[in-house]
Amino acid sequence: MELWHLFLAFFIPGIVGYGGGPASIPLIEHEVVNRYGWMSTQEFGEVLALANALPGPIATKMAAFVGWEVAGVPGVIATLFATVGPSLAAMLLLMSVLLKYKDHPRMKKMTSYIQAPIAVLLGVLAFQFFVMSWEDAGMIQTLFIAIAALLLLEKFKVHPVIVIIGSLIYGAIFLS
């Protein structure tokens, strides 16, 4: 039964958040944290940070991690298949249609409509993590990490992976 729940927890976001991109992260969080309780919000945030730091699609790395933690190798297989299956099936079915109409103005307009909901979902997720950090680490630590990350990314053009790893090291040293 646990494998079925793992499959569903990643299949539903795989269908709704087509492509497994940033839109599926809040959906995966809902399933993993709220619905099944396999992780806390803080643990989910740490897994998300690690998945962002590693190369490749975020959703598949998160699926593999959760699958491994819950049910080992069978869990990894169930979650990875659930994550990539909907996208793979949809791509195979819709590829000819997309190629035929890729330059059509309506197709371009449709893709522009998707950007706003993705931005809102990511904004809500970032706000939730900020509030959680504010409560757990405190105002000074949270503001220090936020300002340092902003300066490193925007002013000094440091690669995001280095900023994430630096934040993880800072948290391990000063917040544990």
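Enquirer: Account for the overall build of the protein chain, with residues named and values stated.
Expert: Tallying secondary structure elements over the protein chain gives seven helices and zero strands in all. Reading the secondary structure of the protein chain in the N-to-C direction produces α-α-α-α-α-α-α. Counting the 176 residues in the protein chain, one finds 31% classified as buried. Here the contacts in the protein chain between residues at least 6 apart in sequence split such that 56% fall between residues at least 24 apart. For the protein chain, the separation between the mean place of its 9 positive charges and that of its 10 negative charges on side chains is 23 Å.

Enquirer: Would you mind going over the environment of A137 in detail, with residue names and values included?
Expert: Here A137 shows up in helix α5 (residues 105-137). Measuring from C-alpha to C-alpha, the distance between A137 and G171 comes to 9.0 Å, with 34 residues separating the pair along the chain. Each residue touching A137, except ones within four places of it in the same chain, is listed here: T142 and L175.

Enquirer: I'd love a proper account of the confidence of the model for the protein chain, names of residues and values included.
Expert: Of the residues in the protein chain, 98% reach a pLDDT of 70 or more, and the chain-wide mean stands at 89. The spread of mean pLDDT over the elements of the protein chain runs between α5, the lowest at 88, and helix α6 (residues 139-155), the highest at 94.

Enquirer: How would you sum up the pattern of salt bridges? Please name residues and give values.
Expert: The full count for this structure, using the stated rule, is one salt bridge. Across the salt bridge formed by R35 and E31, the nearest N and O atoms sit 3.2 Å from each other. One end of the pair is R35 and the other is E31, both in helix α2 (residues 24-35) and four residues apart, which spans about a single turn. You can call R35 partly exposed: its relative accessible area is 46%.

Enquirer: Describe the side chain of T79, naming the residues involved and giving the relevant values.
Expert: In this fold, T79 is placed in helix α4 (residues 58-101). When its relative accessible area of 0% is taken as the criterion, T79 is described as buried. Within the local environment of T79, its side chain forms a polar contact with the backbone oxygen of V76, the two atoms lying 3.1 Å apart. The contacts of T79, once residues within four sequence positions are left out, are L6, F10, A63, A64 and G67.

Enquirer: Could you give an account of the packing of aromatic side chains, naming the residues involved and the relevant values?
Expert: All chains considered together, the criterion is met by seven aromatic pairs. Arranged with centres 5.3 Å apart and planes meeting at 40 degrees, the rings of F144 and Y170 form a pair that is tilted. Within this pair, whereas F144 is found in helix α6, its partner Y170 is found in helix α7 (residues 160-174), the two being separated by 26 residues in sequence. An aromatic cluster of at least three residues, connected via ring pairs, comprises W4, F7, F11 and F81.

Enquirer: Kindly report on the layout of surface pockets, identifying the contributing residues and their values.
Expert: By volume, the largest pocket is sized at about 1200 Å³. Secondary-structure elements contributing two or more residues to the lining of the largest pocket are α3 (41-53), α5, α6 and α7. Per element, the largest residue contribution to the lining of the largest pocket is nine residues, and it comes from α5. Looking at the lining of the largest pocket residue by residue, the classes come out as 20 nonpolar, seven polar and two charged.

What counts and how
- Residues numbered from 1 in each chain as written.
- Predicted model: local features only at pLDDT ≥ 70, side-chain atom pairs only at ≥ 80, totals over all residues.
- Heavy atoms only, no water.
- Helix = DSSP H or I, 4+ residues; strand = E, 2+ residues; numbered from the N terminus.
- Buried < 20%, exposed > 50% of the residue type's maximum accessible area, 1.4 Å probe, protein only.
- Contact = heavy atoms within 4.5 Å.
- Lys, Arg positive; Asp, Glu negative; His and termini not counted.
- Charge placed at Lys NZ, Arg CZ, Asp CG, Glu CD.
- pLDDT = per-residue confidence, 0-100.
- Salt bridge = Lys/Arg side-chain N within 4 Å of Asp/Glu carboxyl O.
- Polar contact = N/O pair within 3.5 Å; in protein donor to acceptor, adjacent residues only side chain to side chain.
- Phe/Tyr/Trp six-rings, centres within 6.5 Å; stacked < 30°, edge-to-face > 60°.
- 1 Å grid on protein atoms, 1.4 Å probe; cavity = no way out; pocket = protein on both sides within 12 Å on 5 of 7 lines; lining within 4 Å.
- Points joined across faces, edges and corners; volume = space filled by probe spheres on them.
- Nonpolar A, V, L, I, M, F, W, Y, C, P; charged D, E, K, R; others polar.

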